[in-house]
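The residues making up each chain are set out below.
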Amino acid sequence: MAEAKRRPVALVTGSGKRRLGNVVAEALALKGYDVALHFYRSEKEAAETVERIRRLGVMAEAFQADVSQENEVASLFEKVKAKFGRLDVLVTTAAIWESKPFDEVTADDVDRHWKVNALGTFICCQAAAKIMVAQPEGGAIVTFGDWAVVRPYRHYAAYFPSKGAIPTMTRMLAVELAAKNPNVRVNCVEPGPVMPPDDLSEHEVKGSVAGTLLKRLGRPENVAQAVLFLIENDYVTGVCLPVDGGRSVAGD
């Protein structure tokens, strides 16, 4: 009897809570991926997501780690490799974003955002690369930036420097990893107003929508579709794709 074809494996960081990473993880499951969910504090929500994804007929498992800590990231990827045997896709949605007036932002605020959002992305991609480079089929990495790094808004001064590093990091990783295995590709998605934070006021949400060309909120599924495109199109690497309803080019 012929051996059954093994399903591809995806790891999505920051996918415990019902935010973008969670939606991306489910979209990958619907495409037939076995899914490794990463969470930091959202153990209960991650467990619920695992059960929901398993009902789609694929394998799913949740893993806890602080992505700003190199030893915890190394352990995370070792556990994923031990559980699933390989890694075909990494999507790095884990991030923090805290609002604070500029004059009140401390060095610790900037450092904390940098360690989670920029350093965390880097060391997760580095850990994934070690697995993917050794696979003849390579793999695909999709980082998460933010459309607003080109047009920052107020009160997120600690957040934007950390996200501003992601496009450069994406291009650098695409160059470095293709030299090791041309089948390893790295791209970036830059979400816009698709899933406003719960603490955003109605006025702020309306202002965000008004600033788009399409004059409406996007949906988390729009971002998941972009992720799937970047994974599936094997002639795209080093690209940063805004999913923002035209917000990054709007004149308002």
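Here the structure is a predicted model, which means the values were calculated and not measured.

Participant: Residues and numbers for the packing of helix α1 (residues 20-30) against helix α7 (residues 220-232), please.
Facilitator: Contact geometry for α1 and α7: axes closest at 9 Å, N-to-C directions at 55 degrees. Between α1 and α7, the interaxial angle falls into the category oblique. Two packed elements cross with a definite hand, and for α1 against α7 that hand is right-handed. Note on element contacts: α7 touches α1 through Pro-220, Glu-221, Val-223, Ala-224, Val-227, Leu-228 and Ile-231, opposite Leu-20, Val-23, Val-24, Ala-27 and Leu-28.

Participant: An account of the side chain of Thr-49 is requested, with residue identities and associated values reported.
Facilitator: Tracing the backbone shows Thr-49 in helix α2 (residues 43-54). Judged by its relative accessible area of 1%, Thr-49 is buried. One polar contact links Thr-49 to Asn-22, side chain to side chain, over a distance of 2.9 Å. With sequence-adjacent residues up to four places away left out, Thr-49 is seen in contact with Ser-15, Gly-16, Asn-22 and Leu-37.

Participant: Give a detailed account of the sheet that holds strand β2 (residues 34-39), specifying residues and quantitative values.
Facilitator: Spatial strand order, β3-β2-β1-β4-β5-β6-β7: seven strands in an open sheet with parallel pairing. The strands lining the two open edges of the sheet, one partner per strand, are β3 (60-64) and β7 (240-243). Neighbour-to-neighbour, the strand axes of this sheet turn through a mean angle of 20 degrees, independent of strand direction. Across five bridges, the pairing between β2 and β3 is parallel. Directly across from Val-35, in β3, lies its bridge partner Ala-60. Here helix α3 (residues 70-84) sits on the sheet in contact with β1 (9-13), β2, β3 and β4 (89-92), set at roughly 160 degrees to β3. Relative to the sheet, α7 contacts β4, β5 (139-144), β6 (184-191) and β7, its axis offset from that of β6 by approximately 165 degrees.

Participant: So what's going on with the packing of α1 against α2? Which residues, and what values?
Facilitator: Geometrically, a packed helix pair is captured by the angle between its two axes and the distance between the axes. Relative orientation of the contacting elements α1 and α2 amounts to 20 degrees, with a least axis distance of 10 Å. With respect to α2, the axis of α1 lies roughly parallel. When the axes of α1 and α2 are compared, the crossing they make is right-handed. Residues Asn-22, Ala-25, Glu-26 and Ala-29 of α1 lie in contact with α2, whose contacting residues are Thr-49, Arg-52 and Ile-53. Classifying every residue of the contact of α1 with α2 gives three nonpolar, two polar and two charged.

Participant: Run through the environment of Tyr-235, naming residues and quoting values.
Facilitator: You can see Tyr-235 is positioned in the loop between α7 and β7. A relative accessible area of 78% places Tyr-235 in the exposed class. On a C-alpha basis, the gap between Tyr-235 and Lys-100 in space is 41 Å, while along the polypeptide they are 135 residues apart.

Participant: Can you break down the pattern of salt bridges residue by residue, with the values?
Facilitator: Oppositely charged side chains are able to pair whenever their charged atoms sit close together. Summed over all chains, the structure comprises 16 salt bridges. Arg-86 serves as the salt-bridge partner of Asp-88, at 2.8 Å between the closest nitrogen and oxygen. With respect to class, Asp-88 is no different from Arg-86; both count as buried. The salt bridge partner of Arg-219 is Glu-221, with a shortest N-O separation of 3.6 Å. Residue Arg-219 is classed as partly exposed on the basis of its relative accessible area of 43%. Judged by relative accessible area, which is 34%, Glu-221 ranks as partly exposed. Salt bridges sharing partners connect three or more residues here, namely Glu-98, Lys-100, Asp-108, Asp-109 and Arg-112.

Participant: Now, about the state of the cysteines: what can you tell me, with residues and values included?
Facilitator: In total, this model carries zero disulfides according to the counting rule given. Free of any disulfide, Cys-188 has its nearest cysteine sulfur in Cys-240, 4.2 Å distant. By relative accessible area, Cys-240 is classed as partly exposed at 22%.

Participant: Describe in detail the packing of aromatic side chains, supporting the description with residues and values.
Facilitator: Under the definition given, this model contains four aromatic pairs. Aromatic pair Tyr-153 and Tyr-156: ring centres 5.6 Å apart, planes at 85 degrees, arrangement edge-to-face. On the numbers, 5.3 Å between centres and 65 degrees between planes, the contact of Tyr-159 with Phe-160 is edge-to-face. Among the aromatic residues, those joined into a ring-pair cluster are Tyr-153, Tyr-156, Tyr-159 and Phe-160.

Reading guide: rules and limits
Residues numbered from 1 in each chain as written. Predicted model: local features only at pLDDT ≥ 70, side-chain atom pairs only at ≥ 80, totals over all residues. Heavy atoms only, no water. Axes fitted to C-alpha atoms, helices over the stretch in contact; angles between N-to-C directions. Helix = DSSP H or I, 4+ residues; strand = E, 2+ residues; numbered from the N terminus. Parallel < 35°, antiparallel > 145°, perpendicular 65-115°, else oblique. Left-handed = near helix turned anticlockwise from the far one by under 90°. Contact = heavy atoms within 4.5 Å. Buried < 20%, exposed > 50% of the residue type's maximum accessible area, 1.4 Å probe, protein only. Polar contact = N/O pair within 3.5 Å; in protein donor to acceptor, adjacent residues only side chain to side chain. Pairing = 2+ DSSP bridges. Nonpolar A, V, L, I, M, F, W, Y, C, P; charged D, E, K, R; others polar. Salt bridge = Lys/Arg side-chain N within 4 Å of Asp/Glu carboxyl O. Disulfide = S-S within 2.5 Å. Phe/Tyr/Trp six-rings, centres within 6.5 Å; stacked < 30°, edge-to-face > 60°.

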